[in-house]
Amino acid sequence: MTEPAFPVATGEHRVFSGVQPSGALHLGNYLGALVKFVALQHQTQCLYCVVDLHAITAWQAPKTLAAQTREIAAAYFAAGVDPAEAIVFAQSAVPEHSELAWIFNCVARLGWLDRMTQFKEKSGKHKERASVGLYTYPVLQAADILLYKATHVPVGEDQKQHLELTRDIAAKFNHDFDAPGFFPLTEALIEGPGARIMSLRDGAAKMSKSDPSDQSRINLTDDADTIASKIRRAKTDPLPLPESVDDLKGRPEADNLVGIFAALSGQTKAQVLASYGGQGFGQIFKPALADLLVERLAPVSAEMRRLMADPAEIDRTLAAGAQRARALAEPILAETKRIVGFTAGR
Ligand code: AQP
C-alpha cells in the first residue's frame, strides 16, 4: 500500500492525534487514522494518545477500561507506530489535558457546541440523557491538541467539524487574551484513500465501533473466516461493478467496497475498476477483497495478540510516553495560565 504524502516538513511541525478506547478498532480507524500515524512519525514530532478521558463520555466498565486502553496502544504499535520515535501515552496520565480543557470550556461558546453534528448523532433522540462530557467532548479535544501546540492532526473525515472548532477556540483565546499566535490554527490531515470508510450494512453510515451490528465492520482482530463471511454478506446492489468511477455515484455500497480495495492495495478506484469493472460482486471481487483484507490485517492482529500478552510492558511504554508528553505540556500550560491571569498565590 502506498503511504499518503502529507504537507508536513521535517522538524517544522508537531502532530497530535488520538483514538478512544471505547471498543475494538475497525478498518475505518485503521485506514482513517493508524496508517497515517505510521506515515507521519518519520516526518515530524508526533504524539499519539489513547484518549481514555474521551471514552468515558459514554459508559465504560471500569474493569475493562484499562484493558481497552492497552489494546489501543497495542494496535498503534502493531500497525507500525514506534514508541521510541512517536510519543505514545494514555490521556488520563497527563492531567494537563483536563486543566486546559476547563480553560477552553470558558472560551468556547454554547452556540458553537450546539452545532456539533457528532453530539447530535451520538446522543440520538434522548439528548437530555447524554453526559455533559459528551457535549463538551470537542473542547477536550481542542485541549488535547493545543496543549502541545500541535500544528497537524491526522484524522478521518468525521472529525473535520471538531478540528474547525479547535481553530475557533485557538483564535478566540489568542484574540481575547491579546496573545497573537500563542496557539496555532491547527490543520486537519484528512486526505488519503481511507478518510471515510462506510458500514458494510449501510453505505450511508460510517463504519463505527458503536454500531450494534458487528456485521457492519471489519475489526482489526477478526480472523480470516470472519472477514470472508462479513465481506460475502456485505450489502451491494444488483448491478455489476461499473467500468468507470463516475458510475459509482449513487451506489454507496459499491463505492465503499471499491474504495476499501483501493486504499488497501495502494491503487486508485479507477485502477480497481479497470481490473473488476463489468463483473458481478460475488464471484471474483468479494473473494479478492477478503484476501486482501486478511493479507493486510492478519499480521496486525497477530502482533496485537503478542503485545497484549504482556500488559506490564505496554504499561511501561505508556508511562514513559506520558513522561515525555508532560515535559512538552507543562511549559505550555504554565504560560497559558500566566496569560489567563492565574498568577496569585504561586
Ligand atoms: N469510518 C471511518 N472511516 C475513516 N476514519 C474513521 N475514524 C473513525 N471511523 C472512521 C477515525 O478513527 C479515529 C479514531 O476514532 P475514535 O475512536 O476517536 O472515535 P470515532 O471517531 O467516534 O470513531 P468510531 O470508531 O466510529 O467510534 P464510535 O463508534 O465510538 O463513534 C479518528 O481519527 C476517526 O476520524
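Basis of the calculations
Residues numbered from 1 in each chain as written. Predicted model: local features only at pLDDT ≥ 70, side-chain atom pairs only at ≥ 80, totals over all residues. Heavy atoms only, no water. Helix = DSSP H or I, 4+ residues; strand = E, 2+ residues; numbered from the N terminus. Contact = heavy atoms within 4.5 Å. Areas by Shrake-Rupley, 256 points an atom, 1.4 Å probe, with all protein chains shown as cover. Lys, Arg positive; Asp, Glu negative; His and termini not counted. Charge placed at Lys NZ, Arg CZ, Asp CG, Glu CD. Near = heavy atom within 4 Å. Polar contact = N/O pair within 3.5 Å; in protein donor to acceptor, adjacent residues only side chain to side chain. Nonpolar A, V, L, I, M, F, W, Y, C, P; charged D, E, K, R; others polar. Salt bridge = Lys/Arg side-chain N within 4 Å of Asp/Glu carboxyl O. Buried < 20%, exposed > 50% of the residue type's maximum accessible area, 1.4 Å probe, protein only. Domains from an automatic or database assignment. Buried area = accessible area lost by both parts, 1.4 Å probe. Pairing = 2+ DSSP bridges. Right-handed = clockwise from strand over helix to strand, strands pointing away. Core = buried A, V, L, I, M, F, W, Y, C linked by side-chain atoms within 4.5 Å. Phe/Tyr/Trp six-rings, centres within 6.5 Å; stacked < 30°, edge-to-face > 60°. Lys NZ or Arg CZ within 6 Å of the ring centre and 35° of its normal.

**Observations concerning the overall build of the protein**
For step 1, the next point in the chain: In terms of regular secondary structure, the protein is built from 13 helices and 5 strands.
For step 2, the next point in the chain: Here the contacts in the protein between residues at least 6 apart in sequence split such that 78% fall between residues at least 24 apart.
For step 3, the next point in the chain: Of the accessible surface of the protein, which amounts to about 15,700 Å², a share of 53% is contributed by carbon and sulfur atoms.
For step 4, the next point in the chain: For the protein, the distance from the average site of its 37 positive side-chain charges to the average site of its 40 negative ones is 5 Å.

**A short note on the site of the ligand**
For step 1, the next point in the chain: Of all residues adjacent to the ligand, which total 24 residues, the nearest are Asp158, Ile197, Ser208, Lys209 and Ser210.
For step 2, the next point in the chain: Within the side chain of asparagine 29, a nitrogen or oxygen atom sits 3.0 Å from an oxygen atom of the ligand.
For step 3, the next point in the chain: With respect to the ligand, the backbone of isoleucine 197 contributes an N or O atom lying 2.7 Å from a nitrogen atom.
For step 4, the next point in the chain: Taken by itself the ligand offers 630 Å² of open surface, and the protein chains cover 97% of this.
For step 5, the next point in the chain: At the level of secondary structure, the elements contributing two or more residues to the shell around the ligand comprise strand 1 (14-19), helix 1 (27-40) and helix 6 (117-123).
For step 6, the next point in the chain: The leading source of residues in the shell around the ligand is helix 1, at 4 residues.
For step 7, the next point in the chain: Counted by class, the shell around the ligand contains 6 nonpolar, 13 polar and 5 charged residues.

**A few points about the pattern of salt bridges**
It is possible for side chains of opposite charge to pair when their charged atoms get near one another.
For step 1, the next point in the chain: Tallied over the entire structure, the rule returns 16 salt bridges.
For step 2, the next point in the chain: We note a salt bridge from lysine 172 to aspartate 176, for which the minimum N-O separation is 2.9 Å. Remark: aspartate 176 and lysine 172 occur in helix 8 (residues 160-176); sequence separation between them is 4 residues, near one turn of the helix.
For step 3, the next point in the chain: The shortest N-O distance in the salt bridge between lysine 230 and aspartate 214 comes to 3.0 Å. Pair noted here: lysine 230 is in helix 9 (residues 224-232) and aspartate 214 is in the loop between strand 5 (187-189) and helix 9, with a separation of 16 residues, a long-range link.
For step 4, the next point in the chain: Using a relative accessible area of 35% as the deciding quantity, one classes aspartate 214 as partly exposed.

**Let's talk about the domain arrangement of the protein**
Interface size is commonly expressed as the accessible surface area that is lost when the partners come together.
For step 1, the next point in the chain: For the protein, the assigned domains read domain 1 (14-189 + 311-340) and domain 2 (214-306).
For step 2, the next point in the chain: In this assembly, 12 residues from domain 1 lie in contact with 14 residues from domain 2.
For step 3, the next point in the chain: Roughly 1,100 Å² of surface becomes buried between domain 1 and domain 2 when both sides are summed, with 77% attributable to carbon and sulfur atoms.
For step 4, the next point in the chain: Counting the contacts that link domain 1 with domain 2 gives 0 salt bridges.
For step 5, the next point in the chain: Our count for the contact surface shared by domain 1 and domain 2 stands at 3 residue pairs in polar contact (both at pLDDT 80 or more).
For step 6, the next point in the chain: No other element matches helix 3 (residues 62-79), which puts 5 residues into the side of domain 1 that touches domain 2.
For step 7, the next point in the chain: Here the side of domain 1 that touches domain 2 is built from residues that sort into 10 nonpolar, 1 polar and 1 charged.

**Let's talk about helix 9**
For step 1, the next point in the chain: For helix 9, the complete set of buried residues consists of Ile227, Ser229, Lys230 and Ile231.
For step 2, the next point in the chain: Each element contacted by the buried residues of helix 9 is listed here: helix 12 (281-308).

**Things to note about the pairing of strand 1**
For step 1, the next point in the chain: Buried residues dominate strand 1, accounting for 5 of its 6 residues.
For step 2, the next point in the chain: Examined bridge by bridge, strand 1 and strand 2 (residues 45-50) share 6 bridges and lie parallel to one another. When the sheet's bridge partners are listed, serine 17 is paired in strand 2 with tyrosine 48.
For step 3, the next point in the chain: Chirality of the crossover, the property in question, places the unit of strand 1, helix 1 and strand 2 among those that are right-handed.

**Quick look at the side chain of threonine 57**
For step 1, the next point in the chain: Looking at the element boundaries, threonine 57 is found in the loop between helix 2 (52-55) and helix 3.
For step 2, the next point in the chain: Using a relative accessible area of 14% as the deciding quantity, one classes threonine 57 as buried.
For step 3, the next point in the chain: With sequence-adjacent residues up to four places away left out, threonine 57 is seen in contact with Ser131, Gly133, Leu134 and Tyr137.

**Looking at the nonpolar core**
For step 1, the next point in the chain: In terms of nonpolar packing, the biggest core is built from 61 residues, with Leu27, Tyr30, Tyr48, Tyr76, Phe285 and Leu293 touching the most fellow members.
For step 2, the next point in the chain: Sort the elements by how many residues they give to this core and helix 12 lands first, with 11 residues.
For step 3, the next point in the chain: Two domains each provide a minimum of three residues to this core, namely domain 1 (14-189 + 311-340) and domain 2 (214-306).
For step 4, the next point in the chain: The residues contacting tyrosine 30, other than those within four sequence positions of it, are Val35, Ala79, Leu220, Arg296, Leu297 and Val300.
For step 5, the next point in the chain: Core analysis: the second largest hydrophobic core is formed by 47 residues, Cys49, Phe119, Ala195 and Ala322 among them.

**Considerations on the packing of aromatic side chains**
For step 1, the next point in the chain: Applying the stated criterion across every chain yields a total of 16 aromatic pairs.
For step 2, the next point in the chain: Centroid distance phenylalanine 173 to phenylalanine 177: 4.7 Å. Interplanar angle 40°. Geometry classified as tilted.
For step 3, the next point in the chain: Ring centres of phenylalanine 173 and phenylalanine 182 lie 6.2 Å apart, and the angle between their planes is 35°; on these two criteria the pair is classed as tilted. We note that phenylalanine 173, like phenylalanine 182, is buried.
For step 4, the next point in the chain: The structure contains a cluster of three or more aromatic residues connected by ring pairs, namely Phe104, Phe173, Phe177, Phe182 and Phe183.
For step 5, the next point in the chain: We note lysine 149 situated over the ring of phenylalanine 182; from NZ or CZ to the ring centre the distance is 3.8 Å.

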